[in-house]
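Residue-level listing of the chains:
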Amino acid sequence: MDSAPDRTLSTTNVGADLRVCPLPDAETQLVGVLGYPVRHSLSPVMHNAAFRHLGLNWVYLAFEVPPPSLPDALRGMRALGIRGLNLTIPHKEAAVPLMDTLTPDAQAIGAVNTLYWHQWQLVGDNTDAAGFLRALQAAGWQPGGQVLVLGAGGSARAVVYALKKAGCRVAIANRTLARAQLLQQAFGTEQVLPLESQALRPLMPTVQLVVNCTSLGMEPASDAMPPVPLDALPRDAWVCDLVYRPVQTRLLQTAHQLGLRTVDGLGMLVHQGALAFEHWTGQPAPIEVMEQAIR
Ligand code: NAP
């Protein structure tokens, strides 16, 4: 008697030997990430660990898509029945007009990082904002109070939107003041400051959370850190760095030495991915498995 292929091996743990995992077959569901470049992405490791853990016959791949090819790539997604996608730099804003519909978060932020199907409509969502808040709350931070956001680029947009929605007072400090002013107009933040230590010092004793949304401290320039006087923060303040290469940035190391509470960039990466996973599969994401896979 023929026996059905044994898929039980797919419930192996993170770090399992790939040779004992089943190969994709005709029923495998495909999801992935589009970016340019994308070969550095941790998302395939994180999502494939989650699929294996739950025994789901799904696979997550990374696709290097140059900016002019994005419309073709999304037509390909529709034609091939790809179940969902993440978008990363430089596609998050360019994809907005290519969606059938946007979630309120994606609409407000003006960028999409997660695509999924709902009643044959391609939905563009932005899980960066909710993922950022969930990561902080998972670490023990309570929403509210004065926050200082460093940076005014793409990630700062999602972070500022999330913090305002959570009821925080937000000051934005950026090297290019005009970009911070644009964010202030978009989300009604309380204050805009130059990214300079002396300019920030008077605000620091009122700040409960500092979030680094600049790329300062990212490899290969991991000796750099934003010019922020952490020593003037209250003792119970939090410091969160979105940079996750390296995980322990110089900013986080300095905060840790001062006895401040810290949240690293992998937390947001895991939680934005977990929300995407739940859109695609309809199942709760195994967050610990995903986090263990990328740490
Ligand atoms: P982005 O849109 O390019 O914005 C970069 C920001 O950094 C801008 O505010 C820019 O200031 C500032 N900046 C760059 N170089 C600087 C310098 N030498 N001195 C002072 N300011 C400088 O980048 P992004 O997409 O927001 O990403 C920022 C960081 O967050 C990256 O390291 C990225 O990997 C990380 N990130 C992490 C997650 C996560 O899940 N953990 C998610 C998204 C992004 P100007 O406006 O003056 O140019």
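Residues numbered from 1 in each chain as written. Predicted model: local features only at pLDDT ≥ 70, side-chain atom pairs only at ≥ 80, totals over all residues. Heavy atoms only, no water.

This part takes up the pairing of strand β3 (residues 84-87). Looking along a regular strand, one sees side chains alternate from face to face of the sheet. Residues Gly84 and Asn86 point to one face of β3 and Leu85 and Leu87 to the other, with burial holding for every one of them. Direction of pairing for strand β1 (residues 29-35) relative to β3: parallel, over a ladder of 4 bridges. In the strand pairing of β3, Leu34 is matched with Leu87. Bridging between β3 and strand β5 (residues 114-118) involves 3 bridges; their strand directions are antiparallel. Note on β5: the bridge partner recorded for Leu85 is Leu115. (Buried < 20%, exposed > 50% of the residue type's maximum accessible area, 1.4 Å probe, protein only. Helix = DSSP H or I, 4+ residues; strand = E, 2+ residues; numbered from the N terminus. Pairing = 2+ DSSP bridges.)

Its 12 residues give helix α1 (residues 43-54) an end-to-end C-alpha distance of 17 Å, which sits within 8% of 16 Å, the value for a rise of 1.5 Å per residue. In terms of burial, α1 is a largely internal element, 9 of the 12 residues being buried. Turning to α1, its buried residues number three or more, namely Ser43, Pro44, Met46, His47, Asn48, Ala49, Ala50, Phe51 and Arg52. Immediately downstream of α1, the backbone of Gly55 shows phi near 70°, a positive value. (Expected span 1.5 Å × (residues − 1).)

Moving on, we get to the pattern of salt bridges. Once the charged atoms of two side chains with opposite charge are near each other, the side chains can pair. All told, the structure shown has 8 salt bridges when counted by the stated rule. Here Lys164 ties to Glu190 by a salt bridge, and the two come within 2.8 Å at their closest N and O atoms. One end of the pair, Lys164, is in helix α5 (residues 154-165); the other, Glu190, is in the loop between α6 (177-187) and β9 (191-194), with 26 residues separating them in the sequence. The class for Lys164 is partly exposed, based on a relative accessible area of 22%. Judged by relative accessible area, Glu190 falls into the partly exposed class, the value being 41%. We note a salt bridge from Arg295 to Asp264, for which the minimum N-O separation is 3.0 Å. Of the two residues, Arg295 is situated in the segment after α10 (287-294) and Asp264 in the loop between β12 (261-263) and α9 (265-281); the sequence distance between them amounts to 31 residues. Sharing partners across several salt bridges, the network here consists of Asp264, Glu291 and Arg295. (Salt bridge = Lys/Arg side-chain N within 4 Å of Asp/Glu carboxyl O.)

A word on the sheet that holds strand β4 (residues 101-102). Spatial strand order, β2-β1-β3-β5-β6-β4: 6 strands in an open sheet with mixed pairing. With partners counted over all chains shown, the strands left at the sheet margins are β2 (58-64) and β4, one partner each. Strand contacts of α1: β1, β2 and β3, with the helix running at about 170° to β2, the strand carrying the most contacts. (Contact = heavy atoms within 4.5 Å. Axes fitted to C-alpha atoms, helices over the stretch in contact; angles between N-to-C directions.)

Contacts to the ligand come from 22 residues, most closely from Ser155, Asn174, Thr176, Arg179 and Gly265. Separating an oxygen atom of the ligand from a backbone N or O atom of Ala152 is a distance of 2.9 Å. Between the ligand and Arg179 there is a distance of 2.8 Å, counted from an oxygen atom to a side-chain nitrogen or oxygen. In the complex, 76% of the free accessible area of the ligand, which totals 930 Å², lies under the protein chains. Among the elements that make up the shell around the ligand, the one with the highest residue count is α9 (3 residues). (Near = heavy atom within 4 Å. Polar contact = N/O pair within 3.5 Å; in protein donor to acceptor, adjacent residues only side chain to side chain. Areas by Shrake-Rupley, 256 points an atom, 1.4 Å probe, with all protein chains shown as cover.)

Once that is clear, we can look at the side chain of His91. Residue placement: His91 occurs in the loop between β3 and β4. For His91, a relative accessible area of 1% puts it in the buried group. A polar side-chain atom of His91 sits 2.8 Å from the main-chain carbonyl oxygen of Val65.

Its domain assignment divides the chain into domain 1 (8-126 + 269-294) and domain 2 (129-264). Placing a centre on the C-alpha atoms of domain 1 and another on those of domain 2 gives a separation of 27 Å. Contacts between domain 1 and domain 2 engage 12 residues on the former and 13 residues on the latter. Buried surface at the junction of domain 1 and domain 2, summed over both partners, amounts to about 1100 Å²; 59% is from carbon and sulfur atoms. Between Lys165 and Asp105 there is a salt bridge; the shortest N-O distance is 3.0 Å. Summed over the shared surface of domain 1 and domain 2, the number is 4 residue pairs in polar contact (both at pLDDT 80 or more). Residue assignment for the side of domain 1 that touches domain 2 shows that the elements contributing at least two residues are α3 (104-109) and α9. Looking at side-chain class alone, the side of domain 1 that touches domain 2 contains 6 nonpolar, 4 polar and 2 charged residues. (Domains from an automatic or database assignment. Buried area = accessible area lost by both parts, 1.4 Å probe. Nonpolar A, V, L, I, M, F, W, Y, C, P; charged D, E, K, R; others polar.)

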